[in-house]
Amino acid sequence: MPVDPSIQVLLDSLAASDAPELSDQSVEEARAMMALLTLVDGEPEPVDDVTTRTLPGPAGDIPVRVYRNHGDGPLPVLVWYHGGGWVIGDLESGDPTARKLANRTGAVVVSVDYRLAPEHPYPAAVDDCWAALEWVAAHAGEIGGDPARLAVGGDSAGGNLSAVVALLAAQAGGPALRHQLLVYPVVDLTLSHPSIESNGEGHLLTKKAMEWFVDHYLGDTDPKDPRISPLYADDLSGVAPATIYTAEFDPLRDEGAAYAERLADARVECEHRCFDGMIHGFFGMGTITPVALEAVDAASARLRSSFS
């Protein structure tokens, strides 16, 4: 099917604006652009309690934002990692989605502001995300959470980091995770799947943008390291059950599908859904397409089921 008409309007508007390709922008310009794109998710939903604080990390304090609705506790906990190619994005860009997930899952959502490249290339983001997960597992009670009902999730680069920490948790024998929610995740930084080419232009996220992100994040590091590209892990058995969402016109579509197949081969429970007519980033396009809220609702239902 073609690109969803409402999303095509956005793409046409961006094309008409003659805005520079992401790969032609400075890091600062790209971060400002990310802040503007956050506006397409609509007004942030109210949550009873939203608190910004820090957690101890390997290179200093890690800022996090904790979302919690009133209710009988302790509540399940979702550790959320925002997208942005490991280079852009922050607590503000992740705020609308974190609020939706807190409201729909009944969980405490901990959104993690991990260090970004190129100032802090790999493995800084992985180290921060792992440290945040370990802290939440050990101190969930301090934020009204239940460490026995813990999940991770993220979109795009955040999906990559979620998959990586889920793999690390399985290898380390904990923290025990109920679920991993991977929304159009990057799981193969070799950028070698067919959809990188077939969807590489004209659909918001481009092949050139992915190359720009990967270059800032990795430099000369081997992209087949499983802590970078979990698709190349020798053994995925024992990782948390997964929900993987991909989009028909996303350059990352095929690698997400490939990761779902690897999980299934490892006998890991995994639900993979490819959203027809959608592009990368649709999960946060609440003002543009009703499919965005449909996807958030479906993901939240999967998380609620994993917590029960």
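To be clear, the structure that these remarks concern was listed above.
Definitions and limits used
Residues numbered from 1 in each chain as written. Predicted model: local features only at pLDDT ≥ 70, side-chain atom pairs only at ≥ 80, totals over all residues. Heavy atoms only, no water. Helix = DSSP H or I, 4+ residues; strand = E, 2+ residues; numbered from the N terminus. Rg over C-alpha atoms; globule rule 2.2 N^0.38 Å. Buried < 20%, exposed > 50% of the residue type's maximum accessible area, 1.4 Å probe, protein only. Contact = heavy atoms within 4.5 Å. Salt bridge = Lys/Arg side-chain N within 4 Å of Asp/Glu carboxyl O.

**Here we look at the overall build of the protein chain**
Scanning the protein chain from terminus to terminus reveals nine helices and eight strands. Its C-alpha radius of gyration of 18 Å places the protein chain within 12% of the 19 Å reference for a compact globule of 308 residues. Each principal axis of the C-alpha atoms in the protein chain carries an extent, and together these give about 50 × 40 × 35 Å. By the burial criterion, 56% of the 308 residues in the protein chain qualify as buried. Considering only contacts in the protein chain between residues 6 or more positions apart, those separated by 24 or more positions represent 79%.

**A short note on the pattern of salt bridges**
Under the definition given, this model contains 15 salt bridges. The closest approach of N and O atoms between Arg31 and Glu119, which form a salt bridge, is 2.9 Å. With Arg31 in helix H2 (residues 27–37) and Glu119 in the loop between strand E4 (108–112) and helix H4 (124–139), the pair connects residues that are 88 residues apart, well separated along the chain. You can call Arg31 partly exposed: its relative accessible area is 25%. You can call Glu119 partly exposed: its relative accessible area is 42%. If you follow the salt bridges from partner to partner, you end up with Arg65, Glu92, Asp95 and Arg99 in one network.

**As for the side chain of Asp95**
Mapping Asp95 onto the fold places it in helix H3 (residues 91–105). Assessed through its relative accessible area of 6%, Asp95 is described here as buried. If sequence neighbours within four positions are ignored, Asp95 has contacts with Pro44, Arg65 and Tyr67.

These figures capture arrangement, not role.
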